[in-house]
Amino acid sequence: MKDEHTPVYMISVVAKLVGVHPQTLRFYENEGLLKPSRTEGKTRLYSEADLKRVRRIVSLTRDRGVNVAGVEIILTMEDELDRLFEMLSQFLDEALKEALIKKLEEEQFKELNVKRFIEILSE
């Protein structure tokens, strides 16, 4: 069974799924926003996690008008928040995790991906 980090999609498939030109994906890679895997023949392969990241980048640039520098900052902050919650999850006992999950579900965050943090705490 493949996980979300198994590289399976070629650049043309990702471009079609997300609605961008393959050159746009190469640009995102050159800017350091993406790091697809490569085959021995240097073909780019994208995982499900890469596909989610591309969709996030496209959403930020198209829907929110964020430039590439802003996208880089946002993605870095999101990645760091994920790491922070993963570390926090290791130190909390089950009762505290459940209390934190309950509080996260009650709060209304405008930009924070609360579902992702609840997934991390629930693992």
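The sections below set out a description of the structure shown in this document. Everything numeric in this text was worked out from a predicted model, so none of it was measured.

Analysis parameters
- Residues numbered from 1 in each chain as written.
- Predicted model: local features only at pLDDT ≥ 70, side-chain atom pairs only at ≥ 80, totals over all residues.
- Heavy atoms only, no water.
- Helix = DSSP H or I, 4+ residues; strand = E, 2+ residues; numbered from the N terminus.
- Buried < 20%, exposed > 50% of the residue type's maximum accessible area, 1.4 Å probe, protein only.
- Contact = heavy atoms within 4.5 Å.
- Areas by Shrake-Rupley, 256 points an atom, 1.4 Å probe, with all protein chains shown as cover.
- Lys, Arg positive; Asp, Glu negative; His and termini not counted.
- Charge placed at Lys NZ, Arg CZ, Asp CG, Glu CD.
- Pairing = 2+ DSSP bridges.
- Axes fitted to C-alpha atoms, helices over the stretch in contact; angles between N-to-C directions.
- Parallel < 35°, antiparallel > 145°, perpendicular 65-115°, else oblique.
- Patch = residues over 30% accessible without salt bridge, like charges linked within 9 Å, V, L, I, M, F, W, Y side chains within 5 Å.
- Salt bridge = Lys/Arg side-chain N within 4 Å of Asp/Glu carboxyl O.

**Here we look at the overall build of the protein**
A count of helices and strands for the protein gives six helices and three strands. Along the first, second and third principal axes, the C-alpha set of the protein runs to 50 × 35 × 20 Å. Scored against the burial criterion, the 123 residues of the protein give a buried share of 30%. A separation threshold of at least 6 residues defines the contact pool for the protein, and within that pool the share at least 24 residues apart is 54%. Total accessible area computed for the protein in this model is approximately 8500 Å², and 54% of it derives from carbon and sulfur atoms. Distance from the positive charge centre (20 side chains) to the negative charge centre (23 side chains) of the protein: 7 Å.

**Some details on the environment of Asn30**
Residue placement: Asn30 occurs in helix α2 (residues 22–30). C-alpha separation for the pair Asn30 and Val18, spaced 12 residues apart in sequence, amounts to 18 Å.

**Observations regarding the sheet that holds strand β3 (residues 44–46)**
Here we have three strands laid out as an open sheet, ordered β1-β3-β2, and antiparallel in their pairing. Edge positions in the sheet fall to β1 (9–10) and β2 (37–38), since each has one partner strand and no second.

**A closer look at the packing of helix α1 (residues 11–18) against α2**
Helix-helix packing is described using two parameters, namely the angle between the two axes and the distance between the axes. Contact geometry for α1 and α2: axes closest at 8 Å, N-to-C directions at 105°. Considered as vectors, α1 and α2 are oriented roughly perpendicular to each other. Where α1 abuts α2, its residues Ile11, Val14 and Ala15 lie against Pro22, Leu25 and Arg26.

**What to know about a nonpolar patch on the surface**
Taken together, Leu81, Leu84, Met87 and Phe91 make up a surface patch of nonpolar side chains, about 430 Å² in accessible area. Relative to the helices and strands, Leu84 resides in helix α4 (residues 68–91). Using a relative accessible area of 44% as the deciding quantity, one classes Leu84 as partly exposed.

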